[in-house]
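Coordinates in review
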Amino acid sequence: MKSPTITTDRLLLDALAETDAPALFQYRSAPEVCRFQSWEPESMDDALEFIKKQEGLDFGAPDTWFQLGVRLRDCGTLVGDIGLHFLPPKARQVEIGFTISPHHQRQGFAREATAALLQYLFETMDKHRVMASGDPRNAPSVVLLNKLGMRQEGHFIKSYWFKGQWADDMVFAILKEEWRA
């Protein structure tokens, strides 16, 4: 399946392009962003290689991560990305994660993009459950997940090795029927 194009009032979500590599590298390597990210590019070449690997993926293929760019609708500027981990087909579940450039944070872009993506996953792809996992020290992300109606399902203490130390992990989720409500 080809990746979708999802539009909101201010944003466009679509596949990353090779021309996005400079912007992707710039915000993904910023210390305040990569602090909570499992992937951070070490160079522009890393960002370009990441995008090239995405080009060969089938959107929605089980057991894959697919990254959608988050762009300003009026000018096409890349302001972030949202990752989707498609779980086995019978599960009808997706794990998501979002990243917004520091220059574009606190403007509601993450909420707008993620809400549009949830709508697409539940209504167009007929997914049953969407989950997100994150570090509880990333307070803005925790607040966003709550505002989207996702419930906290767990808080695992020092459950994974992350950047040289044990870190906590919080899991949030929402069911299709909860999204509709």
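These remarks concern the structure in this document. From a predicted model like this one, the values you see are computed outputs, not experimental measurements. (Residues numbered from 1 in each chain as written. Predicted model: local features only at pLDDT ≥ 70, side-chain atom pairs only at ≥ 80, totals over all residues. Heavy atoms only, no water.)

1. Digging into the sheet that holds strand E6 (residues 129–134)
Sheet architecture is open: eight strands sit in the order E1-E2-E3-E4-E5-E6-E8-E7, paired in mixed fashion. Two strands lie at the open edges of the sheet, namely strand E1 (6–7) and strand E7 (151–162), each paired on one side alone. Bridge count between E1 and strand E2 (residues 11–15): two bridges; the pairing is antiparallel. Looking across to E2, one finds that Ile-6 is bridged to Leu-13. Each of strand E3 (64–72), strand E4 (78–86) and strand E5 (93–100) touches helix H1 (residues 21–28); the most contacted strand, E4, lies at about 85 degrees to it. Sheet contacts for helix H4 (residues 109–124): E1, E2, E3, E4, E5, E6 and strand E8 (165–175); angle to E5, the most-contacted strand, approximately 160 degrees. (Pairing = 2+ DSSP bridges. Helix = DSSP H or I, 4+ residues; strand = E, 2+ residues; numbered from the N terminus. Contact = heavy atoms within 4.5 Å. Axes fitted to C-alpha atoms, helices over the stretch in contact; angles between N-to-C directions.)

2. Details of the packing of H1 against helix H3 (residues 44–55)
Relative to each other, H1 and H3 sit at 115 degrees, their axes nearing to 8 Å. Two packed elements cross with a definite hand, and for H1 against H3 that hand is right-handed. From H1, Ala-21, Pro-22, Leu-24 and Phe-25 reach across to H3, where they touch Met-44, Ala-47, Leu-48, Phe-50 and Ile-51. Among the residues making up the contact of H1 with H3, the classes are represented as nine nonpolar, no polar and no charged. (Left-handed = near helix turned anticlockwise from the far one by under 90°. Nonpolar A, V, L, I, M, F, W, Y, C, P; charged D, E, K, R; others polar.)

3. Digging into the pairing of E5
Burial within E5 is extensive, with seven of its eight residues counted as buried. Examined bridge by bridge, E4 and E5 share seven bridges and lie antiparallel to one another. Residue Phe-86 lies in a different strand from E5, and its bridge partner there is Val-94. In this structure, the hairpin formed by E4 and E5 is closed by a connection of six residues, where Arg-92 is found at a positive phi of approximately 50 degrees. (Buried < 20%, exposed > 50% of the residue type's maximum accessible area, 1.4 Å probe, protein only.)

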